[in-house]
Amino acid sequence: MNVASLLCDELGKNQVLTKDHPYLAPYSRDESGLGDFHPDCVALCESAEQVSIVLRLAQEHNIPVTPRGAGTGMTGGCLPVYGGIVLSTERMNKIIDIDTKNSIAIVQPGTIVSTIQDAVEEQGLFYPPDPASLKTCSIGGNIASNAGGPRAFKYGVTREYVLGLHMGLMGGELLRCGKQTTKGVTGYDLTAGFVGSEGTFGVVTEATIKLLPLPQSTALLLALFQNETSCSNAIDQLLHQGFHPRAIELMDRNTLMHMTSSDIDLSSHWAVLIELDGEPNTLETITIHIGELLEKNNAIDVIVARDERDRRRLWSIRRACSKSLRNAHQYKISEDICVPRGSIGELFKRIDSIPTPSDLSIATFGHAGDGNLHVNILADSEEATKHIEPFVHALFEHTIALKGTLSGEHGIGLSKKQYMPLEQTPQVIAWQKKWKHMWDPNNLLNPGKIFPDDNGKTFPIASRRCPE
Ligand SMILES: Cc1cc2nc3c(=O)[nH]c(=O)nc-3n(C[C@H](O)[C@H](O)[C@H](O)COP(=O)(O)OP(=O)(O)OC[C@H]3O[C@@H](n4cnc5c(N)ncnc54)[C@H](O)[C@@H]3O)c2cc1C
């Protein structure tokens, strides 16, 4: 039985990439750097009905199916580890409706997140979730991984904006769940359960998302500090005094040392980027207060964005973090642990205490407002990568000891599944597996993800984390 020809018969040839197709290769990888996993074919679905066909055929013929949005995931979630079909939603990329009266939008799963944001902003509305990948990732992928981003500190993560879903289930059933109202407690919240299920429960074919009024204006400050303690103290003070910025982004000295393109001298500092939004006059006063507060708390310098150009210049420092580290090192492994915000200082101490051989270096940046930090382990030789796994293990143990979690926003996917028992009890894992079994009894939908055993293949960290 040939999977591709089955799909060609039912979907049409233009919607299937076969194994020898020149465009198949990109569907074998994502942004995790875990390497290439070739599917037997790719189904480029154009409607919920076509998703249903793929899921029916897969069930009938016992073929694994891996949903894929834009492939920007950092944990290998969309990699077809057992081959089979990659179900791509990239052609389902329309904004079906923006309902300004009720502040909701109905979107197809392959729509790029920034496209949605731009479209609703033109209508005076606001879709807050802002993963740094927003110009390339899809809303379906964001829903499947419950994506966050800098603005999550004030506005929360994707789950808080998903009101209703249309889902394709294994076997081909289509299910509409949720609501179009911002309140609603009728029955169990299936929608919330689908969000963050990493493409293992069903395939999102349409989503109803909640929108907010577009904030009238924003303000941005960049503060430089001598060390982590001053940084943390300033953030604590800011929050104690009742300010609620929409983003508080921290960059450590090792990260800033890699920023070669900035015109600001960042090299020996720690930095905090603070973004606020609100009514223009109030915002101006608050910005002045915050600037003074940062200076009182030992900021060496506070730069306030005066216009849109300035704003882009300051944000570009934060947005360049990942790329600058990647460009400078052969190997970059990025974790996205999350600790209670008050434990950030202690986390940095513990990171420093992990024995780190001279051929590894560590650079940390991320969302200080909600304790979600990207700890990057950097190496420049194959030999050095042997030290990565023990470092990651120790990092996760410290994170859990501080009542944190393994992943604040990227998910577990393939790359972190073996660490699940560090955080969750066998009982919790067992109940999640029962939940998965209910939606997909034959374990055909995105198999090999999230759970440590699951007959899943494991990948030693040094071999699977190839240069990004
Ligand atoms: C430079 C960079 C910066 C990033 N910054 C952030 C950040 O700030 N915050 C953050 O949260 N993430 C961030 N990410 C990670 C990534 O962009 C997110 O996880 C994003 O949600 C993935 O979306 P995608 O469309 O690329 O999904 P994919 O990578 O294609 O898939 C991700 C997961 O979703 C599943 N999936 C995709 N579409 C569907 C669907 N329609 N139905 C069911 N399951 C589906 C897949 O099976 C997989 O498990 C970043 C990535 C990069 C490369």
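As the structure is a computational prediction, the values presented were derived from the model and not from experiment.

Scoring rules and cut-offs
Residues numbered from 1 in each chain as written. Predicted model: local features only at pLDDT ≥ 70, side-chain atom pairs only at ≥ 80, totals over all residues. Axes fitted to C-alpha atoms, helices over the stretch in contact; angles between N-to-C directions. Helix = DSSP H or I, 4+ residues; strand = E, 2+ residues; numbered from the N terminus. Left-handed = near helix turned anticlockwise from the far one by under 90°. Contact = placed C-beta atoms within 7 Å. Nonpolar A, V, L, I, M, F, W, Y, C, P; charged D, E, K, R; others polar. Near = placed C-beta within 6 Å. Domains from an automatic or database assignment. Pairing = 2+ DSSP bridges. Parallel < 35°, antiparallel > 145°, perpendicular 65-115°, else oblique. Expected span 1.5 Å × (residues − 1). Buried ≥ 20, exposed ≤ 12 C-beta atoms within 10 Å, placed from the backbone. Core = buried A, V, L, I, M, F, W, Y, C linked by C-beta atoms within 7 Å.

## A look at the packing of helix α1 (residues 3–11) against helix α2 (residues 48–61)
- Direction vectors running N to C along α1 and α2 enclose 145°, while the axes themselves pass 11 Å from each other. Taken as a pair, α1 and α2 cross one another with a handedness that is right-handed. Taken together, the residues of α2 that come into contact with α1 (itself represented by Leu-6, Leu-7, Glu-10 and Leu-11) are Gln-50, Ile-53, Val-54, Leu-57 and His-61.
- Grouping the amino acids of the contact of α1 with α2 by side-chain chemistry returns 6 nonpolar, 2 polar and 1 charged.

## A short note on the site of the ligand
- Around the ligand there are 37 residues in total, and Gly-69, Gly-77, Gly-140, Gly-141 and Gly-199 lie nearest to it.
- Put simply, the parts of the chain that give the shell around the ligand at least two residues each are β3 (65–68), α4 (139–145) and β10 (203–210).
- Tallying contributions element by element places α4 first for the shell around the ligand, with 5 residues.
- Looking at the shell around the ligand residue by residue, the class counts come to 12 nonpolar, 20 polar and 5 charged.
- Both domains that furnish three or more residues to the shell around the ligand are identified here as domain 1 (3–90) and domain 2 (95–213).

## Focus: the sheet that holds strand β1 (residues 16–18)
- Across the sheet, 4 strands lie side by side as β1-β2-β4-β3; this open sheet has mixed pairing. Edge positions in the open sheet fall to β1 and β3, since each of these has one partner strand only. The average angle at which neighbouring strand axes cross in this sheet is 20°, direction not considered.
- Alignment of β3 against strand β4 (residues 85–88), held across 4 bridges, turns out to be parallel. Bridge pairing in β4 places Val-65 opposite Ile-85.
- The strands touched by α2 are β2 (41–44), β3 and β4; relative to β4, the strand with the most contacts, the crossing angle is about 165°.

## What to know about the sheet that holds strand β17 (residues 360–367)
- Taken in spatial order, the 7 strands line up as β15-β12-β14-β13-β17-β18-β16 in an open sheet, and their pairing is antiparallel. Strands at the two margins of the open sheet, each flanked by one partner only, are β15 (301–304) and β16 (331–338). The mean inter-strand angle of the sheet, taken between neighbouring strand axes irrespective of direction, is 15°.
- Bridge analysis of β16 against strand β18 (residues 372–379) gives 8 bridges, and the strand direction is antiparallel. By the bridge assignment, Cys-338 is partnered in β18 with Asn-372.
- The strands touched by helix α10 (residues 308–319) are β12 (217–225), β13 (247–251), β14 (270–278) and β15; relative to β12, the strand with the most contacts, the crossing angle is about 50°.

## A short note on the domain arrangement of the chain
- In terms of domains, the chain is made up of domain 1 (3–90), domain 2 (95–213), domain 3 (221–322) and domain 4 (329–411).
- Put simply, the middle of domain 3 and the middle of domain 4, counted by C-alpha atoms, are 22 Å apart.
- Facing 17 residues of domain 3, the contacting portion of domain 4 comprises 13 residues.
- When contributions to the side of domain 3 that touches domain 4 are tallied by element, the ones reaching two or more residues are α7 (228–240), β13, α8 (253–256) and α11 (321–328).

## Structural notes on the packing of α7 against helix α12 (residues 344–353)
- Orientation of α7 relative to α12, taken along the N-to-C sense of each, is 160°, at an axis distance of 10 Å. Taken together, the axis directions place α7 and α12 in an arrangement best described as roughly antiparallel. As α7 runs across α12, the sense of the crossing is right-handed. Facing Glu-228, Thr-229 and Ser-232 of α7, the residues of α12 in contact are Ile-344, Gly-345 and Phe-348.
- Counted by class, the contact of α7 with α12 contains 2 nonpolar, 3 polar and 1 charged residues.

## Digging into the pairing of strand β9 (residues 174–178)
- Relative to β9, strand β8 (residues 162–168) runs antiparallel, the two being bridged by 5 bridges. Its bridge partner lying in β9, Gly-164 is registered against Gly-178.
- What sits between the antiparallel neighbours β8 and β9 is a turn of 5 residues, in which Gly-171 has the positive phi angle 100°.

## Some points on the environment of Leu-378
- Inspection of the secondary structure assignment puts Leu-378 in strand β18.
- Along the sequence, Leu-378 and Ile-362 sit 16 residues apart, while their C-alpha atoms lie 6.0 Å from each other.
- If near-sequence neighbours (up to four positions away) are discounted, Leu-378 is found in contact with Leu-325, His-329, Tyr-331, Lys-332, Leu-360, Ser-361 and Ala-363.

## Points about helix α15 (residues 426–439)
- Its 14 residues place the ends of α15 20 Å apart at the C-alpha level, agreeing with the 20 Å of an ideal helix rising 1.5 Å per residue.
- Within α15, only 1 of the 14 residues are buried, leaving the element largely exposed.

## Topic: the nonpolar core
- In this structure, Ala-223, Ala-234, Ala-271 and Val-272 are the most contacted members of the largest nonpolar core, which totals 64 residues.
- In terms of residues, this core owes the most to one element, β12, which gives 7 residues.
- In contact with Ala-234, not counting residues within four places along its chain, are Ala-223, Phe-225, Val-272, Leu-294, Asn-297 and Ala-299.
- Within the second largest apolar cluster, 55 residues are counted, among which are Val-16, Ala-48, Val-54 and Val-120.

## Re unusual backbone geometry
- Although it is not a glycine, Asn-62 adopts a positive phi angle of roughly 55°.
- Mapped onto the elements, Asn-62 comes out in the loop between α2 and β3.
- Of note in this structure, Ser-103 is not a glycine but carries a positive phi near 50°.
- Along the polypeptide, Ser-103 turns up in the loop between β5 (95–99) and β6 (104–107).
- Ser-103 gets classed as partly exposed once you count the C-beta atoms within 10 Å, which come to 18.

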